[in-house]
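Spelled out, the chains give:
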Amino acid sequence: MNQEDTTSQSHVSLDNLVEQMVQSYLADGQMHHLNATFLPSRERIIQIIELTRRLLFPGFFDSAQLTTETVRFHVGDLLIQLRTLLNEQIHQALRYGAKVQGNVSEASDHQAAKLTTIFLQRLPEVRRMLATDIRAAFEGDPAAQSTDETIFCYPGIDAIFIHRVAHELWILDIPLLPRMMGEYAHNETGIDLHPGATVGESFFIDHGTGVVIGETCTLGKSVKIYQGVTLGALSTKGGQAWRGSKRHPTIDDNVTIYGGAIILGDITIGKNTTIGGSVFVTRSIPANHTVTMKGQELEIHERRKRKSKKGLEADSLLDFQI
Amino acid sequence: MNQEDTTSQSHVSLDNLVEQMVQSYLADGQMHHLNATFLPSRERIIQIIELTRRLLFPGFFDSAQLTTETVRFHVGDLLIQLRTLLNEQIHQALRYGAKVQGNVSEASDHQAAKLTTIFLQRLPEVRRMLATDIRAAFEGDPAAQSTDETIFCYPGIDAIFIHRVAHELWILDIPLLPRMMGEYAHNETGIDLHPGATVGESFFIDHGTGVVIGETCTLGKSVKIYQGVTLGALSTKGGQAWRGSKRHPTIDDNVTIYGGAIILGDITIGKNTTIGGSVFVTRSIPANHTVTMKGQELEIHERRKRKSKKGLEADSLLDFQI
Amino acid sequence: MNQEDTTSQSHVSLDNLVEQMVQSYLADGQMHHLNATFLPSRERIIQIIELTRRLLFPGFFDSAQLTTETVRFHVGDLLIQLRTLLNEQIHQALRYGAKVQGNVSEASDHQAAKLTTIFLQRLPEVRRMLATDIRAAFEGDPAAQSTDETIFCYPGIDAIFIHRVAHELWILDIPLLPRMMGEYAHNETGIDLHPGATVGESFFIDHGTGVVIGETCTLGKSVKIYQGVTLGALSTKGGQAWRGSKRHPTIDDNVTIYGGAIILGDITIGKNTTIGGSVFVTRSIPANHTVTMKGQELEIHERRKRKSKKGLEADSLLDFQI
């Protein structure tokens, strides 16, 4: 069979394939967005984040040299770009939200412009908060050689930067955008920090991969969290019926939570308390306490080598004889 | 020493460097692909995934507006692009596979075209399965505000989308491609879901970072898994000798597995059973049961501050006194 | 209010917004890099890694066909590109480092060229080490079908490749660059392997998401590590005061560490020892031993359904009754 035959044969079935896909679209209403253009764009949202990053950390991610003389023009230019993009995406998101709620009258241009301005006016405060986070990261990690290193290299800084930006949009009740930003951060850093969570200043997540912080968490000042920590809900078998209820922990000021600890439910960890690694906590802990696992007993014995039935040198079951 | 000297000095050693690298290539056969072009391209495979995503979720990731009128052209265009790329990459992969097995006669163009067509015909069914996954994600998470949000923002949806696509290629015995797709998903989502695993409909992974699901796992319908869960093998010290054997768990319908649980070996978790967080399971569990850790005892005591030898305010050992 | 009004209103506040941002910059010295251009570029560093990848694995990531005849030209071309970029970025990093330490005399061009050459001369040895890692990955994982698959698809190989490159720059005391490379690997793979760590040959990390290996770790030959393992420090409450001290584990030859194990502090795990999954270790373990959790007792009971106050079918607390 020559090339042409193959092609023509495949060509025939293309019509069928198209027809099958179109039928598949028409069969359900949830998995397509035909006849509707009001969706935010992931690409643009990433652009918004990167413009904001350059605005908040001037000179760190720019190729051109910035001086105190030129910076004003640079900032003006970034702000104009950011405002345009943000205005467009907020508008899309508001129209999307209105449509989902069956609200026929579209969200006005005016509303999008107003929310954009409110957001931009919050940026200096966001920047002030981030400065406290950067100091916390540097001071909290002996491996950090400078605050610059934390800005360039720390996923925890990346995550809290995106979070503080997304949280501002969350407060303004803008649909989808904050979550899309949060998921971009999750993708980049392995830290799943829901934009609904309230996070106090001087926050530091070290390493970060696997951290999950739920929607209704409230974190005080100077909280420090290590990789693999979950601040989650108890069983959410009820699913959508739990929507909106406070179901995640409150963490008070100066709490440190070591790697792999799992803290679940609407409980409170009091000020200055330390939660040890891998601990599983489902009730409130008072201030100024330390929580560790009690006597995780280890079995330590010399290895004995045996031939398994498969003739492999396998003491596999010993390795996992729990 | 001026600039020119430095350059010329470095220039001299370039010949040496080239020679050393070439010698390094010739010294071993496993780490180069000289004289062979039959390798799939990671870049193209990502293009294939993104084209498929646009095909399965029309209107979600497109910049142009789609209507029920125009969608047919859109689908036709996407299918043509997808077929061309897929045909090319499947052909490369088959030639690669034939060569690895010492099969001199190259895989024919015809075979690649045939497998491409079979794959494309499976897409409506893949889409039907994904619709059940999206419903499961929305219904299973009180933080989800719409099914759209799960499509835009949920790494679990991203992972199962790529898995269902990759698994179709796995079933067709196409070398390398399915694993490269799976690893792209792993990279994007932190979820390591081997394309060999069989996954029933209405599957939901929440948060997802750190999840590992091994090659010979079988998962029923409506399985729900949280971040950090491992469905793995027992010790694989035997390495390659275990290849192909069923060494991972079977999970029945309606099983929920909470964060950090580790389930190892060729065991079965029965229908409707719940596995609690951080539990370590290496034996089968019957249907309709709940498995939790028994009494992880916590040590909770007030913090005492002491000066350490280094003069640091360190109660470090207390924090980890296990 | 028409479009023009909105725009002009917003336009007025742009001056204010610019002024507020500039004031925010001037208020602190740590979060901007005005009047200084000596920063390395993340984009260029990624280019350096990708060029090095193509140099070390010829034919794997190239679109053009390489033969033993043409490879010399290819290598020469890659080396020239790599040397140029590397020289530039090392120079930036050295100038940055000199400035941070208040050293007015800038690092010379000569120093950057010299370090670049030393680095390039180390590449054949780096490649030799990587060949042992690739063999370890293939032999250690029954799911691997070829060594090619490990090069294309294994995040553990990606992480150790970038680590071995970054570690060479670390040894040469080049600021920032090694950490930026390490963080790129962390971002791509979920493996946080500090460039300061010393890693012997035949190293294999399987799956990898959530692995953390600290700055002062020392790993022997043929060490095998699974997802979620932490080789960390004990409490670093002292922060910067601990900088430079050996505070992470030493792992001897042929040690295997299963998923989720946490090993903390300046302790030693002896040769041929196996650390079981999820074990928490803070003291040295002798050679030829196996360490597992002792009797994690499970509670296994049949599910009872009850109506909760909210009317949900919730046995949530049972699921987490610890």
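Owing to the predicted nature of the structure, the values given are computational and were not obtained by experimental measurement.

## Some thoughts on the interface of chain C and chain A
Phase 1: Opposite the 81 residues of chain C that make contact, chain A presents 83 residues.
Phase 2: The interface formed by chain C and chain A includes two salt bridges.
Phase 3: The shortest N-O distance in the salt bridge between A:E149 and C:R179 comes to 2.9 Å.
Phase 4: Here chain C is connected to chain A by 11 residue pairs in polar contact (both at pLDDT 80 or more).
Phase 5: Among the elements that line the side of chain C that touches chain A, the one with the most residues is helix 1 (residues 3–27) of chain C, at 15 residues.
Phase 6: Of the residues belonging to the side of chain C that touches chain A, the class tally is 31 nonpolar, 34 polar and 16 charged.

## Things to note about the relation of the copies chain C and chain A
The second copy of the chain is related to the first by a rotation about an axis and a shift along the axis.
Phase 1: Laying chain C over chain A is done by rotating through 120 degrees and shifting 0.0 Å along the axis; what remains is an RMSD of 0.0 Å. The superposition operator between the copies reduces to a three-fold rotation axis. Ranked by how close their C-alpha atoms come to the rotation axis, the residues of chain C are headed by C:G210, at 3.6 Å.
Phase 2: The share of interface residues of chain C whose copies in chain A are also at the interface is only 19%, consistent with the copies meeting through different surfaces.

## A closer look at the interface of chain B and chain C
Phase 1: With 81 residues of chain B at the interface, the matching set in chain C holds 83 residues.
Phase 2: Both sides together, the interface formed by chain B and chain C hides about 7400 Å², and carbon and sulfur atoms give 59% of it.
Phase 3: Scanning the region where chain B abuts chain C turns up two salt bridges.
Phase 4: Between C:R72 and B:E19 there is a salt bridge; the shortest N-O distance is 2.5 Å.

## Some remarks on helix 8 (residues 177–189) of chain C
Residues and elements named next belong to chain C.
Phase 1: Given a rise of 1.5 Å per residue, 13 residues ought to cover 18 Å, and the 18 Å separating the end C-alpha atoms of helix 8 matches this to within 8%.
Phase 2: Most of helix 8 sits inside the fold, with 12 of its 13 residues counted as buried.
Phase 3: Those residues of helix 8 that sit buried are L177, P178, R179, M180, M181, G182, E183, Y184, A185, H186, N187 and T189.
Phase 4: Immediately beyond the C-terminal end of helix 8, within one or two residues, lies G190, with a positive phi of roughly 75 degrees.

## A closer look at the pattern of salt bridges
Phase 1: Enumeration according to the criterion identifies 33 salt bridges over all chains in this entry.
Phase 2: Of the charged contacts in the structure, one is a salt bridge between B:E215 and B:R247, with a shortest N-O distance of 3.0 Å. Placement of the pair is B:E215 in the loop between strand 4 (212–213) and strand 5 (218–219) and B:R247 in the loop between strand 7 (230–232) and strand 8 (250–251), with a sequence separation of 32 residues. The pair formed by B:E215 and B:R247 is uniform in burial state, with each residue classed as buried.
Phase 3: By sharing partners, the salt bridges in this structure join A:E50, A:R53 and A:D158 into a single network.

## Details of the environment of A:A137
Phase 1: Residue position: A:A137 is located in helix 4 (residues 109–140).
Phase 2: Placed 68 residues apart in sequence, A:A137 and A:I205 show a C-alpha to C-alpha distance of 7.7 Å.

## Quick word on the nonpolar core
Phase 1: Ranked by internal contacts, the top residues of the largest apolar core, which has 284 residues, are A:I213, A:I225, B:I213, B:I225, C:I213 and C:I225.
Phase 2: Per element, the largest residue contribution to this core is 12 residues, and it comes from helix 4 (residues 109–140) of chain B.
Phase 3: Setting aside residues up to four positions removed in sequence, C:I225 forms contacts with C:F203, C:F204, C:I205, C:D206, C:V211, C:I213, C:L219, C:L231 and C:I257.

## Some words on the sheet that holds strand 8 (residues 250–251) of chain C
Residue and element names in this part refer to chain C.
Phase 1: The parallel open sheet is built from four strands, whose spatial order is 2-5-8-11. Looking at strand neighbours, the two that pair on one side only are strand 2 (198–199) and strand 11 (268–269), the edges of this open sheet.
Phase 2: As defined by bridge partners, strand 8 adjoins strand 11 across two bridges and the pair is classed as parallel. Of the residues in strand 11, the one forming a bridge with T250 is T268.

## Quick word on the relation of the copies chain B and chain C
Phase 1: At an RMSD of 0.0 Å, chain B and chain C line up after a rotation of 120 degrees and a shift of 0.0 Å along the axis.
Phase 2: Of the interface residues in chain B, just 19% have counterparts in chain C that sit at the interface too, so the contact is made through distinct surfaces.

## Considering the domain arrangement of chain A
Residue and element names in this part refer to chain A.
Phase 1: For chain A, the assigned domains read domain 1 (28–191) and domain 2 (197–294).
Phase 2: Once you take the C-alpha centre of each, domain 1 and domain 2 turn out to be 25 Å apart.
Phase 3: A combined buried area of about 1300 Å² lies between domain 1 and domain 2, and 55% of that area is made up of carbon and sulfur atoms.
Phase 4: Taken together, the connections running from domain 1 to domain 2 amount to one salt bridge.
Phase 5: A salt bridge links R128 to E201, with the nearest nitrogen and oxygen atoms 3.3 Å apart.

## Some thoughts on the sheet that holds strand 11 (residues 268–269) of chain B
Phase 1: Ordered by their spatial adjacency, four strands build an open sheet running 2-5-8-11 (chain B), and the pairing between neighbours is parallel. Both edges of this open sheet fall to strand 2 (198–199) and strand 11 of chain B, since each of them pairs with a single strand only.

## Things to note about unusual backbone geometry
Phase 1: Phi is positive for A:S222, which is not a glycine, with a value near 55 degrees.
Phase 2: Of note, A:S222 is situated in the loop between strand 5 (218–219) and strand 6 (224–226).
Phase 3: Of note, the phi angle at B:N272 is positive, near 65 degrees, even though the residue is not glycine.
Phase 4: Structurally, B:N272 is set in the loop between strand 11 and strand 12 (274–275).

## Re the confidence of the model for chain A
If pLDDT is low for a region, its predicted coordinates should not be looked at in detail.
Residue and element names in this part refer to chain A.
Phase 1: The share of residues in chain A with pLDDT of 70 or more is 85%, and the mean pLDDT across the chain is 85.
Phase 2: Segment residues 306–322 is flagged for pLDDT under 50; beyond a separation of four residues in sequence, or across chains, it makes 45 contacts in the model.
Phase 3: Here the prediction assigns the complex a pTM of 0.89, and the interface score ipTM is 0.86.

## A few points about the packing of aromatic side chains
Phase 1: Using the criterion set out here, one finds 24 aromatic pairs over all chains in the structure.
Phase 2: Taking the centre distance of 6.2 Å and the plane angle of 40 degrees together, the rings of A:F60 and A:F61 count as tilted.
Phase 3: Ring geometry for C:F57 versus C:F161: centroids 5.9 Å apart, planes at 70 degrees, classification edge-to-face. Highlighted residues: C:F57 in the loop between helix 2 (42–56) and helix 3 (71–100) and C:F161 in helix 7 (residues 155–171), separated in sequence by 104 residues.

About the criteria used
Residues numbered from 1 in each chain as written. Chains lettered and ligands numbered in written order. Predicted model: local features only at pLDDT ≥ 70, side-chain atom pairs only at ≥ 80, totals over all residues. Heavy atoms only, no water. Contact = heavy atoms within 4.5 Å. Salt bridge = Lys/Arg side-chain N within 4 Å of Asp/Glu carboxyl O. Polar contact = N/O pair within 3.5 Å; in protein donor to acceptor, adjacent residues only side chain to side chain. Helix = DSSP H or I, 4+ residues; strand = E, 2+ residues; numbered from the N terminus. Nonpolar A, V, L, I, M, F, W, Y, C, P; charged D, E, K, R; others polar. Least-squares fit on C-alpha atoms with pLDDT ≥ 70 in both. Buried area = accessible area lost by both parts, 1.4 Å probe. Expected span 1.5 Å × (residues − 1). Buried < 20%, exposed > 50% of the residue type's maximum accessible area, 1.4 Å probe, protein only. Core = buried A, V, L, I, M, F, W, Y, C linked by side-chain atoms within 4.5 Å. Pairing = 2+ DSSP bridges. Domains from an automatic or database assignment. pLDDT = per-residue confidence, 0-100. Phe/Tyr/Trp six-rings, centres within 6.5 Å; stacked < 30°, edge-to-face > 60°.

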